[in-house]
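# Descriptive structure summary
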Amino acid sequence: METLLAFVIGGLVAVSIYLLMRRDLVRKVIGVVILSNAINLLIFTVGRVTQGASPLIPSADKVPPEGIANPLSQALILTAIVIGFGMLSFALVLLYRTQQSTGTVDAEAFVDEGPDPST
Amino acid sequence: MDSHTLLLLPLLIPFVVAVATLALRTRPGLQKALNLIGMTGILAASIALLVRIGNEGIQATGLGGWPAPFGIMMVADHLSVIMLIVSALIGVAVAIYAIPNVDAQRVGFGFYPFMNLLMVGINGAFLTGDLFNLYVWFEVMLISSFVLIVLGNTEEQLAGGIKYVVINLVSSLFFLAGVGMIYGLTGTLNMAELAMALPQVEQEGLVTVVAMLFLVSFGIKAALFPLFFWLPASYHTPPAAVSAFFAGLLTKVGVYALIRVFTLLFTQDVGFTHGLLLWAAGLTMVSGVLAAAIQTDFRKILSFHIISQIGYMIMGLALFTPLALIGAVFYIVHHIIVKANLFLVSGAANQLQGTFSLKKLKGLYAAHPLMAVLFVIPAFSLAGFPPLSGFWAKLILAKAGIEAGAYWIVAVAMAVGLFTMYSMSKVWVNAFLPGTDEDVDAGRTPTAVRVMYLPIGALAAATIFISVFAGPVYEMAEQSADELMNSSAYIEAVTGHEESVADSATRVDLDGRAGGVHAQ
Amino acid sequence: MRNSLILRTAARLLVPLILLFSVFLMLRGHNESGGGFIGGLVAGTAFALYAMAYGTAASRRALRTTPQALLAAGLATALLSAVIPLVQGGAMLQGLWAKPLGVKVGTPILFDVGVYLIVIGITLMIVYELDESGVQFFPQEPHPASLPAEAEEAA
């Protein structure tokens, strides 16, 4: 399972890097989304994968049963997902506003020309 | 007041102000007053915290009453508190400066709530003793800075903002990947626990990989070579109050994080990691200062100089001797005050003549001699003129470099100092001396600019203060360098026991987790 | 989607149900999966659905307050739950519990209520902002009450 997940993470990272290299800003943002999911999966995997045992304490008990999934990595991922959601929605609104105001989402259009050499 | 509350005040105050200013959206006057009171409160709380740790040593506390390593720890050592004090000082200065500088429209869109949320994030990053929590504070800081940098929606701001947002999102993800891997290696995210656990990790290669992930991530945030291109593309676009705050503080949070992890956590392979840092430091200095030399926009020159100055701080970290770390801490204190002040001056010049371009600014010296004086103090300090603060900072670093035998970096640092002088004199000649063709009328100074003089003058006074009383500042930097070089005090304050007594029983063993967690 | 009679009738019925469900989710989060975040998201979708059917102006009126005010109220509630234990001499964010009338209430629930309000506020801020800045995936004008006229329009 870990090996499979490792390859999935690797594949996702490769896809996201490819998208991040594109000029189209929308593709860049999609690349960021995929990278963020790849890293969530990474945290999930390094927290060790356990099958079929959610980290819930039965109402009669005080301590969780043996062999449950690692709850910490799940909590970390949940936090990261929430943060990622906020960041993504901000990035999309920003992209939309930029497109409205400049009429383009081509990264080349935003290259800084540098100082005017006419001095 | 107990230490727990005192330690959390620098977080609580801006949070309360953020909520209050958000609720008082329609009352800009009250927002301004609250913001100023809040920033002053943070400054007072931080100074109280400094006194406390001076008397009682490093303070640590767990949120929610959980002990380490289960709860999130907040830790205040000298480095954290020095950073808190300096950032609160900039906060107060910007709070005054923003009153005339930030227009009603931006205030209406939430300038003050986000300024305070930014402060929450910055202070949280300085105080936290937990890696994942550091990630969360970074994100709080980022989302507020995203909003502040595009607030106003001018085309220039949006174009600069896009670059800033995308690169910082990627940087955070690198950090998160590093956090995930380090958790997989050790089973903890508490920094003090990690400091004990990392030397025992068998896969040393993976530890170095994590170190590199952190180096890239914090390197982007600190604008280290070759990861700095986003900074000059975005810092010159928002109002001067915002860019001064960013220029003073945001990159320095990255530097702080680098210092923290490369003194506390990644000290196993100093030859490689810190050697790399030293190269990055040299190249950062040179590329920043050379790029600044060809710029003609006041704030762009200053932006590129932030980059070259970051190089000096990283040089102190990379040399990794007690004296070098003193130099780095001293440099950070000096730089935050001076750089924020220069950005404030540029904003005042813009207020007077309506431009940031050095080709159009002219004759400020004749028309506004006070402003000329207030520019010269931070500018000369930045370039390292004796006896101003920048001179002492550079002197300590140069001495540390010579002692460590790294002559080339000292030579680079000195040469970069000369180029800094060139840029500052270019600003002086173009903006302050009279233009060739026509005279500038020396009309009355507008009230807005008079208000701006207040924080500019205060920060200039602070610069002179650290120049004249370099001794006490040096001693504080020395104490933080001691704590950084010898992490056992930090570890003891957080975990409550000595490093030697510590065993791995409290740590969660990821592979045999059934035994680790449930034994509690 | 625009001017759909089915959507508008369904929204009228669904919005209260979704809101009720969101409160249930929030309270359920105390012992089982659920919580303020997911509850807030669900409540946010209720108002988003209303906006989809009747336009953002109508949805804003139905909300009776601004998303910004919800956000401020939520932050204040969460802050309160963090600070109460501090005043009681405990650590910030520590869970304090009481059992008035046999119901177990405590600061973590207060915190969840805060999160619930914050999430509604932020979700709606984004939804309204995107729509009003010109994406226009919701109807722009509140619709006339007369149904036959609408049916013609839709046809």
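Computed from a predicted structure; not experimentally measured. (Residues numbered from 1 in each chain as written. Chains lettered and ligands numbered in written order. Predicted model: local features only at pLDDT ≥ 70, side-chain atom pairs only at ≥ 80, totals over all residues. Heavy atoms only, no water.)

### Focus: empty space enclosed by the protein
Residues and elements named next belong to chain B. Inspection of the entire model under this criterion finds three cavities of 30 Å³ or more. Size it by volume and the largest cavity reaches roughly 60 Å³. Forming the walls of the largest cavity are M141, L142, Y164, N168, K221, W230 and L250. When contributions to the lining of the largest cavity are tallied by element, the ones reaching two or more residues are helix 6 (131–150) and helix 7 (155–186). The volume enclosed by the second largest cavity comes to roughly 40 Å³. Forming the walls of the second largest cavity are D77, R260, T263, L264, E483, L484, S487 and Y490. Of all the secondary-structure elements, those providing two or more residues to the lining of the second largest cavity are helix 11 (240–265) and helix 20 (470–485). Top contributing element to the lining of the second largest cavity by residue count: helix 11, with three residues. (1 Å grid on protein atoms, 1.4 Å probe; cavity = no way out; pocket = protein on both sides within 12 Å on 5 of 7 lines; lining within 4 Å. Points joined across faces, edges and corners; volume = space filled by probe spheres on them. Helix = DSSP H or I, 4+ residues; strand = E, 2+ residues; numbered from the N terminus.)

### A closer look at the layout of surface pockets
Rolling a probe over the atoms, with the probe sized like a water molecule, indicates the empty space that remains. Considering only enclosed or pocket space, the second largest pocket measures out at about 820 Å³ in volume. Together, 30 residues line the second largest pocket, and K163, I167, F229, W230 and A233 of chain B are the ones closest to its centre. Of all elements in the fold, only helix 1 (2–20) and helix 2 (25–46) of chain A together with helix 7, helix 9 (204–222), helix 10 (230–234) and helix 13 (298–319) of chain B reach the threshold of two or more residues within the lining of the second largest pocket. Counting residues per element, the lining of the second largest pocket draws most heavily on helix 7 of chain B, at six residues. The residue inventory of the lining of the second largest pocket, partitioned by class, reads 24 nonpolar, two polar and four charged. (Nonpolar A, V, L, I, M, F, W, Y, C, P; charged D, E, K, R; others polar.)

### Thoughts on the packing of helix 5 (residues 111–127) of chain B against helix 6 of chain B
Residues and elements named next belong to chain B. The contact between helix 5 and helix 6 brings their axes to 8 Å, and the two run at 155°. When the axes of helix 5 and helix 6 are compared, the pair comes out roughly antiparallel. Between helix 5 and helix 6 the crossing geometry is left-handed. Where helix 5 abuts helix 6, its residues F111, F114, M115, L117, L118, V120, G121, I122, G124 and A125 lie against L134, W137, V140, M141, S144, S145, V147 and L148. Residues that form the contact of helix 5 with helix 6 fall into these classes: 14 nonpolar, four polar and no charged. (Axes fitted to C-alpha atoms, helices over the stretch in contact; angles between N-to-C directions. Parallel < 35°, antiparallel > 145°, perpendicular 65-115°, else oblique. Left-handed = near helix turned anticlockwise from the far one by under 90°. Contact = heavy atoms within 4.5 Å.)

### A few points about the nonpolar core
Counting 230 residues, the largest nonpolar core has L131, F245, F246 and F266 of chain B as its most contacted members. Filtering out sequence-adjacent residues up to four positions away, L131 of chain B remains in contact with F175, V179, I182, L189, M191, L194, F214, V261 and L265 of chain B. Counting residues in hydrophobic clusters, the runner-up holds 13 residues, among them M26, L63, L70 and Y116 of chain C. (Core = buried A, V, L, I, M, F, W, Y, C linked by side-chain atoms within 4.5 Å. Buried < 20%, exposed > 50% of the residue type's maximum accessible area, 1.4 Å probe, protein only.)

### Describing the interface of chain B and chain A
In many analyses, interface size is given as the accessible surface area lost on bringing the parts together. Across the boundary between the two partners, chain B contributes 40 residues, which contact 42 residues of chain A. The interface formed by chain B and chain A holds zero salt bridges in total. Where chain B meets chain A, there are two residue pairs in polar contact (both at pLDDT 80 or more). Broken down by secondary-structure element, the contributors of at least two residues to the side of chain B that touches chain A are helix 6, helix 7, helix 10 and helix 22 (513–518) of chain B. (Salt bridge = Lys/Arg side-chain N within 4 Å of Asp/Glu carboxyl O. Polar contact = N/O pair within 3.5 Å; in protein donor to acceptor, adjacent residues only side chain to side chain.)

### Brief notes about a nonpolar patch on the surface
All names here are of chain B. The grouping of V286, L290, F419 and Y422 at the surface amounts to a nonpolar patch, some 350 Å² of accessible area in total. Only helix 12 (270–293) and helix 18 (407–432) provide two or more residues apiece to the nonpolar patch. Given a relative accessible area of 44%, L290 falls into the partly exposed group. (Patch = residues over 30% accessible without salt bridge, like charges linked within 9 Å, V, L, I, M, F, W, Y side chains within 5 Å. Areas by Shrake-Rupley, 256 points an atom, 1.4 Å probe, with all protein chains shown as cover.)

### Some thoughts on the confidence of the model for chain C
Of all residues in chain C, 83% have pLDDT values of 70 or greater, and the mean over the chain is 81. Segment residues 142–155 of chain C is flagged for pLDDT under 50; beyond a separation of four residues in sequence, or across chains, it makes twelve contacts in the model. (pLDDT = per-residue confidence, 0-100.)

### Some thoughts on the interface of chain A and chain C
Taken together, the contact between chain A and chain C spans seven residues of the former and eight residues of the latter. Taking both partners together, chain A and chain C bury about 680 Å²; carbon and sulfur atoms supply 73% of that area. Run the count over chain A and chain C and you get one salt bridge. One salt bridge in this structure joins R97 of chain A and E129 of chain C, with 3.4 Å as the shortest N-O distance. At the boundary of chain A and chain C, one finds one residue pair in polar contact (both at pLDDT 80 or more). For the side of chain A that touches chain C, the class distribution of residues is four nonpolar, two polar and one charged. (Buried area = accessible area lost by both parts, 1.4 Å probe.)

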